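Residue strings, one per chain:
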Amino acid sequence: MSKLIENKKIRNVAIIAHVDHGKTTLVDGMFKQSGLFRAGQEVDERIMDSMDLERERGITIAAKNCSVIWNGVKINIIDTPGHADFGGEVERAISMADGAILLVDASEGPLPQTRFVLKKALGAGLKIIVVINKIDRKDARPDEVLDEIYDLLIDLDANEDQLEFPLLYAIGREGIAQKTLEEKGENLHLLLDTILKEIPPPCYDPEEPFQMLVSDLGYSDYLGRLAIGKIFNGKIVHHDGLICIDSESKHVQLKVSKLQTYVGLKFVEINNAEPGDIVVLSGIDDVKIGDTICNKDFPKALKRIAVDEPTVSMKFTINTSPFSGREGKYVQSSKIRERLYKETLRNVAVQMSDTDDRESFVVKGRGEFQLAILIETMRREGFELCVGRPEVIIKYRNGEKLEPVEHLFIDCDENFLGIVSEKLSSKKGRMTNLVNNGRGRIRVEFSIPSRSLIGYRDEFLTDTKGTGIMNSYFSGYETYRGDFPVRFTGSIVSDRQGASVAYALFNLEPRGQLLVVPGDPVYEGMVVGEHNKEGDINVNPCKEKKLSNMRAAGKDDNILLSPVRPLTLERAINFIRDDEMVEVTPLSIRIRKTVLCAHQRHSMRSAKLKAKM
């Protein structure tokens, strides 16, 4: 084997950070200070958050690429999601990187999602630069956070080289980085210099032919499918004869219409590219993430991207409610299937399979949050559909039933420890660690089944009066821990179609918490509230007050209804039981029974009771 050569003109670095630790703001500063924008040019904040959902929620959902030029060296920056549910994005991002920046909040320290991504980076042997951000916070504790980072790296089996990491302190919002807490930084030049010095340049074998691993896919209305990835060996020239080697080792001939690379956030057309660079090939139709693109005269496949298996599945089906087709642009099962298949091509962590029913599909992913983001994205694209309750994927090994288990981290006021631990214990959770730093807040760790956390987040925020922080990551499959009640309340179900009336809703308020307001359209089988008791009740939310010639409408008191919390997609998915679905349209989110007819539901319930006797 020939000696590997370094391409010193390029650095590929991933940025790892928990949600809201300042990653996107720091990248903004790197863009501005590297001379990417001309003086006085107006630039949006958080320019890496290109999706509407990312801007609204303040999180990174999709891994994205960009680049800056510093001292003549091109630095390719690969953004990684801060949420474990988007783990498929993490594996793709890390396959293109040679090093990583670990960004940690100076007050919160390394949190669970940081752990998840960092474990993947260490496993890939990436060189780590640690940046402790937000040192200007009043509650900053950088020295303690540094100790926590060492503990985390040791816990993740980091080698000696990875433990000898370069350390910087930063205030991302002001665009400054410094070596020590005492000195006052002026800009981010120190961070950019550290990347050039510490992150190893990409290496390649000069005797190997052209090889590129497809790590991401895109789409252009003008150019068609885009294949994005890092060149591992060899050079590529525009109009080279290329082939794609797929998962079954089949060779598919490619005709590349355009060769591009990243300059800032934009694609720029180039005639050739060198080993180590991240390029975009246009006009390739039949290519998937993990495929190798190489020279047709010297076909040689690279190792495919390995992705953790999905742990949660959801049923997607067409909208069968009386209101179907009123608000959505795409309502047919063929359109929904086509969109879901397109998602599996772009996201390696999502899988889709058909069911016996031609109008239903099973979609598998890392967590209900990832699937909720997919549903919200489809909704904004004009799709109308119904989805069922998320279910964990159960496995069987040697006759033993296994289920996915999460490592759960709770940060809350010590006054709420009792109710939180009681609820989690009833959901088969086991406390593994408790830390009380004497400041009034505690950190608790639990080992808990993944199914226990479906729908628990809203309950947790209520129990902790909105002050608790809850994070988790998938720790593996363990023996099934037994059944427990999912929901102690029933549903208030409409028994007819019409518009809800204030008089009827006022009389229903003592029965439970309502989900509709006066004037909302309802139909038979639609859930209009949460019942105080365990069973379901059928009600008439359209009932109007009977007026006679003895009493006038104006004589009565004004009806004042309690405010109704807007129904969000996540809240609806967390609320539903096995016999319920969420109806999702571009304008509305409704909860409904799978079987709409009250008489049919009654017959099915009676048959179930007879079968048990």
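Residues numbered from 1 in each chain as written. Predicted model: local features only at pLDDT ≥ 70, side-chain atom pairs only at ≥ 80, totals over all residues. Heavy atoms only, no water.

Draft legend 1. Region of the structure containing the pattern of salt bridges. Summed over all chains, the structure comprises 33 salt bridges. Notably, a salt bridge pairs Lys 423 with Asp 463, separated by 2.8 Å at the nearest N-O pair. Within this pair, whereas Lys 423 is found in helix α10 (residues 417-426), its partner Asp 463 is found in helix α12 (residues 456-463), the two being separated by 40 residues in sequence. Within the structure, one salt-bridge network assembled from shared partners comprises Asp 536, Arg 577, Asp 579, Glu 580 and Lys 593. (Salt bridge = Lys/Arg side-chain N within 4 Å of Asp/Glu carboxyl O. Helix = DSSP H or I, 4+ residues; strand = E, 2+ residues; numbered from the N terminus.)

Draft legend 2. The arrangement of α10 in detail. Among all positions of α10, only Val 420, Ser 421 and Leu 424 are buried. Projection of α10 onto a plane perpendicular to its axis shows the buried side chains occupying an angular sector of 90°, all on one side. Structurally, α10 contributes buried residues whose contacts are with β26 (400-413), β27 (430-436), β28 (441-449) and α12. (Buried < 20%, exposed > 50% of the residue type's maximum accessible area, 1.4 Å probe, protein only. Arc of directions from axis to C-beta. Contact = heavy atoms within 4.5 Å.)

Draft legend 3. Broad picture of the nonpolar core. Core analysis: the largest hydrophobic core is formed by 38 residues, its most contacted members being Leu 102, Leu 118, Ile 128, Ile 132 and Ile 149. Aside from chain neighbours lying at most four places away, what touches Ile 149 is Leu 102, Val 104, Pro 110, Val 130, Ile 132 and Phe 165. Listed in part, the 30 residues of the second largest apolar core include Val 350, Leu 374, Phe 575 and Ile 589. (Core = buried A, V, L, I, M, F, W, Y, C linked by side-chain atoms within 4.5 Å.)

Draft legend 4. A look at the packing of aromatic side chains. Using the criterion set out here, one finds four aromatic pairs in the structure. Ring geometry for Tyr 456 against Phe 460: centres 5.9 Å apart, planes inclined by 45°, an arrangement best described as tilted. Taken together, the positions of Tyr 456 and Phe 460, both in helix α12 and four residues apart, correspond to about one turn of that helix. Residue classification places Phe 460 among the buried residues on the basis of a relative accessible area of 1%. (Phe/Tyr/Trp six-rings, centres within 6.5 Å; stacked < 30°, edge-to-face > 60°.)

Draft legend 5. Region of the structure containing a negative patch on the surface. Taken together, the side chains of Asp 143, Asp 147, Asp 151, Glu 182 and Glu 183 present a region of like negative charge at the surface. With respect to the helices and strands, Glu 183 occurs in the loop between β8 (176-178) and α7 (189-198). Exposure remark for Glu 183: the relative accessible area of 38% places this residue in the partly exposed category. (Patch = residues over 30% accessible without salt bridge, like charges linked within 9 Å, V, L, I, M, F, W, Y side chains within 5 Å. Areas by Shrake-Rupley, 256 points an atom, 1.4 Å probe, with all protein chains shown as cover. Lys, Arg positive; Asp, Glu negative; His and termini not counted. Charge placed at Lys NZ, Arg CZ, Asp CG, Glu CD.)

Draft legend 6. Representation of the pairing of strand β21 (residues 351-354) in the model. Bridging between β21 and strand β22 (residues 360-365) involves four bridges; their strand directions are antiparallel. In the strand pairing of β22, Met 352 is matched with Val 363. (Pairing = 2+ DSSP bridges.)

Draft legend 7. Structural context of the confidence of the model for the protein chain. Of the residues in the protein chain, 88% reach a pLDDT of 70 or more, and the chain-wide mean stands at 81. When mean pLDDT is compared element by element in the protein chain, strand β23 (residues 385-387) scores highest at 93, while helix α2 (residues 52-57) scores lowest at 46. Here residues 37-51 is a poorly scored stretch, pLDDT under 50, and it has 35 contacts once near neighbours within four places are set aside; other chains count. In this model, residues 53-63 is a region of pLDDT below 50 whose contacts with residues beyond four sequence positions or in other chains number 47 contacts. (pLDDT = per-residue confidence, 0-100.)

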